[in-house]
Structure formats: C-alpha cells, structure tokens
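Architecture and fold: a report
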Amino acid sequence: MPKDDPETAALKKELNDIIAKAKAEQEKVADAKLAEKCGDMADVPKIRLITKKTLKGHINKVNSVHYSGDSRHCVTGSLDGKLIIWDTWSGNKVQVIPLRSAWVMSVAFAPSGNFVACGGMDNMCTVYDVNNRDATGSAKMVRELAGYEGFLSSCRFLDDTHILTGSGDMKICVWDLEVGKREVEFDAHAGDVVTISLAPDMKTYVTGSVDKTCKLWDVRAEKEKQTFFGHEADVNSVCYHPSGQAFATASEDKTARLFDIRSDQQLGHYTPPGASGFTSCGLSVSGRYLLAGSDDNTVHSWDTLKVAHTGTLNGHENRVTSISLAPSGIALASCSWDQGVRVWG
C-alpha cells in the first residue's frame with residue numbers, strides 16, 4: 001500500500017489520539033467489573049435448548065433468518081434464490097418466494113407479519129406483501145428500493161410503511177414504502193454497514209460495521225448519538241437489550257460483548273471455549289442469556305451478568321450464519337451454510 005501523505009498521516013494520528021483520550025476517560029469512571037458485582041448472584045441454569053423442528057427446503061447456503069412479531073412464523077433467505085416463510089410450530093412451509101437474485105444476505109419480517117423484505121449483492125432491497133399473490137401465486141412484490149452503490153447488508157421494518165436499511169456503500173437509509181422514496185439517507189460508518197438492531201421502543205437503533213465500531217442513532221436523525229469502540233475486527237451482529245439501555249455485539253475478533261448506553265461503557269466481554277469468530281447474536285427476553293452463532297457450527301450461550309459460558313447448541317453441520325429469537329422468548333431459530341434451519345426450544 002502507498003504511504004499516507006503528511007496531511008493524512010497527521011489526521012490519522014489526531015483521530016487515534018482522540019480515541020485514546022476517550023477510552024482513557026471511560027476507564028476513569030469504570031470503577032467496577034460486571035462479573036465482580038454479580039459474583040454473589042445465583043448461577044443461571046446451563047442452557048438446555050434442543051432442536052424442536054428442523055426446517056428443510058432450501059438447497060443452498062441459508063444466510064439469514066428473522067422472526068415475525070407473532071413468534072410463530074419466520075422468514076429465511078438462501079443462495080438458492082428463494083425466500084421461505086415457515087410455520088415454526090408445525091415445521092411446514094407457508095410460502096416460497098422466488099427471487100430475481102440468488103445473492104441474498106439479509107431478510108426481515110415486518111412485526112405485523114404483513115410484509116417481508118430481502119436484499120444482498122443485487123444492491124437492492126425488495127419488499128413483498130405476504131397477504132397478496134401475483135399471477136404466479138407467489139407473494140406480490142410491492143417495492144424494489146434501488147440506488148445503493150454497495151450490497152444490501154441489513155434491513156429492518158419500522159412499521160408496514162417504513163423500512164430501515166444499511167449497505168456496503170457505508171450508508172443508512174429510511175424508506176417510505178408507500179411512495180418508494182428515501183426519507184433519510186446519510187453516510188454512517190467508515191466501512192460497510194453490516195448489521196442493524198432496533199430498540200424495543202423503535203425510536204433508536206444500533207449499527208455495526210467492518211470499521212470495528214458500533215453507533216447509536218435516532219431513527220429520524222442523521223447524526224450518531226454515541227460511538228462505541230472495543231472490537232478488533234468486523235462487527236457482524238448487534239442486538240438491543242430488552243431494557244433498551246444496552247446492546248450486545250458479535251464479531252470476527254472471536255468475542256461477543258455487552259455495551260451499556262447510559263455509561264458509554266463496555267460491560268461484558270464474552271469468549272467461547274474455542275477460537276472461532278461470531279456471525280450473529282441475540283439476547284433472551286430477560287436479557288440474562290446472550291447467544292451467538294459461530295463459525296464453529298454451534299450457537300454459544302453466556303450468562304450476561306456473571307460473564308460465564310453456559311453451553312452450546314450443537315446440530316448444524318456448517319457455519320451458523322444467523323440467529324433470531326422469537327419476540328415472546330419461546331424459541332430460537334438458527335440457519336446455516338449446511339442448508340438447514342433449526343428451531344430450538
């Protein structure tokens with residue numbers, strides 16, 4: 001790589017000095033460790049989730065899974081060029097939606113259950129109405145949101161008329177689905193935006209990026225409220241804590257972490273028994289369990305308060321790419337490069 005010119009080198013040094021100063025200020029007020037404060041608490045049970053349903057139907061790697069607000073249905077996206085909506089209670093397919101592009105990276109189910117969305121290497125977010133069918137009998141496509149200069153990495157519905165997207169062009173957008181126009185668009189990170197998690201009140205959200213940072217945003221604003229440092233590699237997944245006061249992360253640096261929004265601090269640092277990176281994460285309804293899908297084909301679990309590993313979910317035969325917890329807390333869905341989707345309970 002060519003050397004930086006003097007001005008660029010000076011700016012990088014200034015930025016690194018600012019980051020170092022911010023970290024030093026944080027450390028001054030970090031007067032206790034979470035694990036120490038919670039050391040006298042009773043241990044939570046070792047996680048004993050078992051596979052309740054194995055959802056078979058995809059014929060290529062499954063890259064993303066997301067639950068509907070009813071905690072019964074979920075949608076998965078695969079490199080076989082299909083979205084499948086599943087009834088996780090029966091294990092049956094509800095709908096199979098053929099895609100124009102097979103390179104799907106992210107899927108989302110509207111909380112209402114009325115719409116699903118997906119996107120990926122086609123640089124587009126496509127929205128389908130699951131209650132209406134087109135001439136072929138598939139869910140009707142209602143919007144193709146184009147104009148990205150990079151892949152569509154993450155999407156989440158705010159409601160039935162608005163969707164939030166992050167992409168490989170480092171941008172975040174809020175779209176009005178009724179007119180198909182961007183309401184908000186801005187440069188968010190210094191690298192690809194990889195993941196988005198909405199707060200329980202839907203007023204704020206957290207993003208993770210290949211620039212190793214996480215940022216907190218207001219849904220309608222274009223300026224970050226807070227920036228969180230700590231990871232040493234891509235942040236592949238973020239998940240809001242049910243309290244709305246914290247969020248968890250999963251990273252290529254082989255760690256999962258818990259950040260507190262109020263104190264602007266990292267509270268927990270979670271490592272697996274092995275040495276594999278993490279692709280996805282989720283928190284239980286109580287917030288006591290942190291789960292993370294891993295490159296080692298398993299889902300790891302920790303006690304968030306005691307910062308202790310509480311078990312692994314074994315069953316997948318390849319990399320676990322995405323996990324999604326049912327909003328009710330009754331189940332966990334995971335998908336993998338082994339072409340399978342599992343429902344744990």
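Definitions and limits used
Residues numbered from 1 in each chain as written. Predicted model: local features only at pLDDT ≥ 70, side-chain atom pairs only at ≥ 80, totals over all residues. Heavy atoms only, no water. UniProt positions renumbered as here; feature names shortened; annotations may be inferred. Pairing = 2+ DSSP bridges. Helix = DSSP H or I, 4+ residues; strand = E, 2+ residues; numbered from the N terminus. Axes fitted to C-alpha atoms, helices over the stretch in contact; angles between N-to-C directions. Buried < 20%, exposed > 50% of the residue type's maximum accessible area, 1.4 Å probe, protein only. Polar contact = N/O pair within 3.5 Å; in protein donor to acceptor, adjacent residues only side chain to side chain. Contact = heavy atoms within 4.5 Å. Salt bridge = Lys/Arg side-chain N within 4 Å of Asp/Glu carboxyl O. Expected span 1.5 Å × (residues − 1).

As recorded in an unreviewed UniProt entry, the protein goes by Guanine nucleotide-binding protein subunit beta-2 and comes from Vanessa tameamea. Check the Sequence similarities (unreviewed entry) section of the UniProt entry for the protein; it says "Belongs to the WD repeat G protein beta family."

This brings us to the sheet that holds strand 8 (residues 125-133). Read across the sheet, four strands follow the order 6-7-8-9 without closing on themselves; strand pairing throughout is antiparallel. Edge positions in the sheet fall to strand 6 (104-109) and strand 9 (139-145), since each of these pairs with one other strand and no more. Strand after strand, the sheet turns through a mean of 25° between neighbouring axes, direction not considered. Bridge count between strand 7 (residues 115-120) and strand 8: five bridges; the pairing is antiparallel. Bridge assignment links A117 to a residue of strand 8, and that residue is V127.

Here we take up the side chain of T310. Inspection of the secondary structure assignment puts T310 in strand 25 (residues 308-313). Judged by relative accessible area, T310 falls into the buried class, the value being 5%. At a separation of 3.5 Å, a polar atom in the side chain of T310 contacts the main-chain amide nitrogen of W302. Contacts of T310, omitting those with residues within four sequence positions, involve V44, K46, I47, Y289, S301, W302 and D303.

The phi angle at K254 is positive, at roughly 70°, despite the residue not being glycine. Mapped onto the elements, K254 comes out in the loop between strand 19 (246-251) and strand 20 (256-260). Not every positive phi belongs to a glycine, and Q339 is a case in point at roughly 75°. Note that Q339 resides in the loop between strand 27 (332-336) and strand 28 (341-344).

This next bit is on the pairing of strand 20. The element strand 20 is largely enclosed, with a buried count of five among its five residues. Here strand 20 shows a buried face lined by A256, L258 and D260 and a second buried face lined by R257 and F259. Of the strand pairs in this sheet, strand 19 and strand 20 are connected by five bridges, and their pairing is antiparallel. Bridged to T249 within strand 20 is R257. Here strand 19 hands over to strand 20 after four residues, with K254 in that stretch at a positive phi of 70°. Where strand 20 lies against strand 21 (residues 265-270), five bridges are found, and the strand directions are antiparallel. Within the sheet, the bridge partner assigned to F259 lies in strand 21 and is Q266. Between strand 20 and strand 21, which pair antiparallel and follow one another directly, the connecting turn spans four residues, one of which, D264, has a positive phi of 60°.

Counted according to the given criterion, the structure contains 13 salt bridges. Put simply, R100 and E144 hold a salt bridge, and the shortest N to O gap is 3.1 Å. Here R100 is found in the loop between strand 5 (92-98) and strand 6, whereas its partner E144 is found in strand 9, with 44 residues between them in sequence. Note on E144: relative accessible area 33%, which makes it partly exposed. The partner of D187 in a salt bridge is K171, and the shortest N-O contact between them spans 2.9 Å. Residue D187 is found in strand 13 (residues 181-187), and its partner K171 is found in strand 12 (residues 171-176); the two are separated by 16 residues along the sequence. Of the residues examined, K171 reaches a relative accessible area of 19% and is grouped as buried.

What follows is about helix 1 (residues 6-29). For helix 1, with 24 residues, the first-to-last C-alpha span of 35 Å sits near the 34 Å given by 1.5 Å per residue. In this structure D5 caps helix 1, since a side-chain oxygen of it lies 3.1 Å from the backbone nitrogen of E7.

Turning our attention to the sheet that holds strand 3 (residues 73-78). As summarised here, the arrangement of the four strands in space is 2-3-4-5, forming an open sheet in which the pairing is antiparallel. Each edge of the open sheet is held by one strand with a lone partner, namely strand 2 (62-67) and strand 5. Each strand of the sheet is rotated relative to its neighbour by a mean of 20°, with strand direction disregarded. As paired elements, strand 2 and strand 3 share five bridges and run antiparallel to each other. Of the residues in strand 3, the one forming a bridge with H66 is V75.

By the element assignment, R257 lies in strand 20. Overall, R257 belongs to the buried group, its relative accessible area being 6%. Spatially, the C-alpha atom of R257 lies 28 Å from that of M121, the residues being 136 residues apart in sequence. Reaching out from R257, the side chain makes a polar contact with the side chain of Q266 at a distance of 3.0 Å.

Moving on to the pairing of strand 14 (residues 193-198). Here strand 14 lies mainly inside the structure; six of its six residues are buried. With five bridges connecting them, strand 14 and strand 15 (residues 204-209) associate as antiparallel partners. Bridge pairing links T195 to G208 in strand 15. Here strand 14 folds back onto strand 15, and the loop between the two strands holds five residues, one of which, M202, carries a positive phi near 65°.

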